[in-house]
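# Results of the structural survey
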Amino acid sequence: MCVSDLAKSLKWYEVFFGRAADEVIGEEHLWQVGENAYLVVDARAVRAQRVGGSMTTFGVAGAEFDDALARFAAHGVTHGPVETYSNGVRHVEVLDPDSNSLSLAAVPD
């Protein structure tokens, strides 16, 4: 995720994931989101043209979905409406401070 203000974004991503970055490599902050998958937050000038242009969806369990929404509310992180699709999947879009889109999708339990 290319961001414009690293300090502000790190605070936001810590709320989104419920923890600090799992690793810091140089100027990149990494959250492990799967066995071999990471979300990287980067504010270097070389990335400036890409700020706000990212979109990703995370599949989560139903309890994780609910916990995330509660955490967002407790920290003032706004999100779009929670949608429930005809197949029972719940989906919500959350925009970071630069309008990068991060969505959560939970399959029915």
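Above this text sits the structure in question.
Quick look at the structure, then.

Scoring rules and cut-offs
By convention here, each chain's residues receive numbers from 1 onward along its written sequence. In keeping with the model being predicted, local features are shown solely for residues with a pLDDT of at least 70 and side-chain atom pairs are shown and tallied solely at 80 or more, while totals for entire chains, interfaces and linings include all residues. To obtain the side-chain values, all non-hydrogen atoms of the structure were used and water was disregarded. Pairing between strands is defined by DSSP: at least two bridges between the two strands are required. Runs of H or I in DSSP of at least four residues are treated as helices and runs of E of at least two as strands, each being numbered from the N terminus. Helix axes are fitted to C-alpha atoms over the stretch in contact, other axes to C-alpha atoms as well, and angles between N-to-C directions run from 0 to 180 degrees. Note on contacts: a residue pair qualifies if any of its non-hydrogen atoms lie within 4.5 Å across the two residues. By convention, a stacked pair of Phe, Tyr or Trp rings (six-membered ring in the case of Trp) has centres within 6.5 Å and planes under 30 degrees apart, an edge-to-face pair has planes over 60 apart, and any other such pair is tilted. Partly exposed residues are those whose accessible area sits between 20% and 50% of the maximum for their type, while under 20% is buried and over 50% is exposed, using a 1.4 Å probe and protein chains only. Salt bridges, as used here, are contacts in which a Lys or Arg side-chain nitrogen is within 4 Å of a carboxyl oxygen on Asp or Glu.

When strand β1 (residues 23-25) meets strand β2 (residues 28-34), the two strands line up antiparallel, connected through three bridges. For Val24, the partnering residue across the bridge sits in β2 and is His29. Connecting β1 to the antiparallel partner β2 that follows it, the hairpin turn spans two residues, and Gly26 within it adopts a positive phi of roughly 65 degrees. Across five bridges, the pairing between β2 and strand β3 (residues 37-41) is antiparallel. Note on β3: the bridge partner recorded for Gly34 is Ala37. Between β2 and β3, which pair antiparallel and follow one another directly, the connecting turn spans two residues.

Right, let's get into the sheet that holds β2. The strand order across the open sheet built from three strands is β1-β2-β3, with neighbouring strands paired in antiparallel fashion. Only two strands of the sheet have a single partner each, and these edge strands are β1 and β3. Geometrically, the sheet is characterised by an average inter-axis angle of 35 degrees between neighbouring strands, direction not taken into account. In the packing of helix α1 (residues 6-17) onto the sheet, contacts are made with β2 and β3, and the angle to β2 comes to roughly 15 degrees.

What follows deals with the packing of aromatic side chains. Applying the stated criterion to the full structure yields nine aromatic pairs. For the pair Phe16 and Phe72, a centre-to-centre distance of 5.4 Å together with 15 degrees between the ring planes defines the contact as stacked. Placement of the pair is Phe16 in helix α1 and Phe72 in helix α2 (residues 62-74), with a sequence separation of 56 residues. The class for Phe72 is buried, based on a relative accessible area of 0%. A ring pair is formed by Phe17 and Trp31, whose centres lie 5.6 Å apart and whose planes are at 20 degrees; its orientation type is stacked. Separated by 14 residues along the polypeptide, Phe17 in helix α1 and Trp31 in strand β2 bring together distant segments of the chain. Residues Phe17 and Trp31 agree in their burial class; the two are buried. Each member of the aromatic cluster is reached from another via a ring pair, and the members are Trp12, Tyr13, Phe16, Phe17, Trp31, Phe58 and Phe72.

A few words on the pattern of salt bridges. Pairs can form between side chains of opposite charge whenever their charged atoms are close. This structure, assessed with the given rule, holds five salt bridges. A salt bridge links Arg44 to Glu28; its shortest N-O distance comes to 3.1 Å. One end of the pair, Arg44, is in the loop between β3 and β4 (55-60); the other, Glu28, is in strand β2, and 16 residues separate them in sequence. Judged by relative accessible area, Arg44 falls into the partly exposed class, the value being 27%. Residues Asp42 and Arg44 are paired through a salt bridge, measuring 2.8 Å at the closest nitrogen-oxygen approach.

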